[in-house]
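Chain by chain, the residues:
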Amino acid sequence: MTNYVLHEAPADAFDHPDECSEPAPGEITSSNPITYNGTPIATEADVIEFEDHGHDTDEDDDCTDFQSHEVNPEVVSGSVSYNSDGLCLELSDVATDPGSGGPIDFTSSGGNSVVTES
Ligand SMILES: [Zn+2]
């Protein structure tokens, strides 16, 4: 069984310089999350938001190239969807950081232990 990822689940984006935010922390958000028995579940229509973080360093090892990202999860359940948007099920390598090219992982399912796909 795998737990669906909930609204506001934390995520990490990788492949940034060690001197900057590595990994860069974010979370999945939605202005209108779908709910199942009151539990808000993330879908591929929701966005993983990352606040400003550096993607390069200058000669003094100070971070440069600050960007924030809003990324839709691309790897979702193949069998369960809502309005044709797949529910977020996988935790690892669900999207790509558009600044670093590195993978984005959910660090947890956001506390969900109730709604699962077997
Ligand atoms: Zn980034």
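In this text the structure is predicted, and so the values were computed from the model without any measurement.

S.K.: Got a sec to walk through the overall build of the chain? Specific residues and values, please.
M.R.: In terms of regular secondary structure, the chain is built from 0 helices and 14 strands. For the chain, the sequential pattern of α-helices and β-strands runs β-β-β-β-β-β-β-β-β-β-β-β-β-β. For the chain, the spread of C-alpha atoms along the three principal axes comes to 50 × 25 × 20 Å. Going through the 118 residues of the chain one by one, you find that 34% of them count as buried. Considering only residue pairs separated by 6 or more positions, the chain has 57% of its internal contacts joining residues 24 or more positions apart.

S.K.: Explain the sheet that holds strand β13 (residues 103-106) residue by residue, including any values.
M.R.: If you walk across this open sheet you meet the 6 strands as β9-β6-β3-β2-β13-β12, and the pairing is antiparallel. Lying at the two open borders of the sheet, with one neighbouring strand each, are β9 (67-71) and β12 (95-96). With 4 bridges connecting them, strand β2 (residues 10-13) and strand β3 (residues 24-29) associate as antiparallel partners. Counted as the bridge partner of Pro10 is Glu27 from β3.

S.K.: Outline the environment of Glu27, supporting the account with residue identities and numerical values.
M.R.: Within the fold, Glu27 resides in strand β3. If we skip the residues at most four places from it in the chain, Glu27 touches Glu8, Ala9, Pro10, Ala11 and Glu49.

S.K.: Give a detailed account of unusual backbone geometry, specifying residues and quantitative values.
M.R.: Of note, the bond from Glu22 into Pro23 is cis; its omega dihedral lies within 30 degrees of zero at -5°. On the secondary structure map, Pro23 appears in the loop between β2 and β3. In the Ramachandran plot, Asp93 falls in the positive-phi region, its phi being about 60° despite a non-glycine side chain. Topologically, Asp93 is positioned in the loop between β11 (85-86) and β12.

Cut-off values and rules
Residues numbered from 1 in each chain as written. Predicted model: local features only at pLDDT ≥ 70, side-chain atom pairs only at ≥ 80, totals over all residues. Helix = DSSP H or I, 4+ residues; strand = E, 2+ residues; numbered from the N terminus. Buried ≥ 20, exposed ≤ 12 C-beta atoms within 10 Å, placed from the backbone. Contact = placed C-beta atoms within 7 Å. Pairing = 2+ DSSP bridges.

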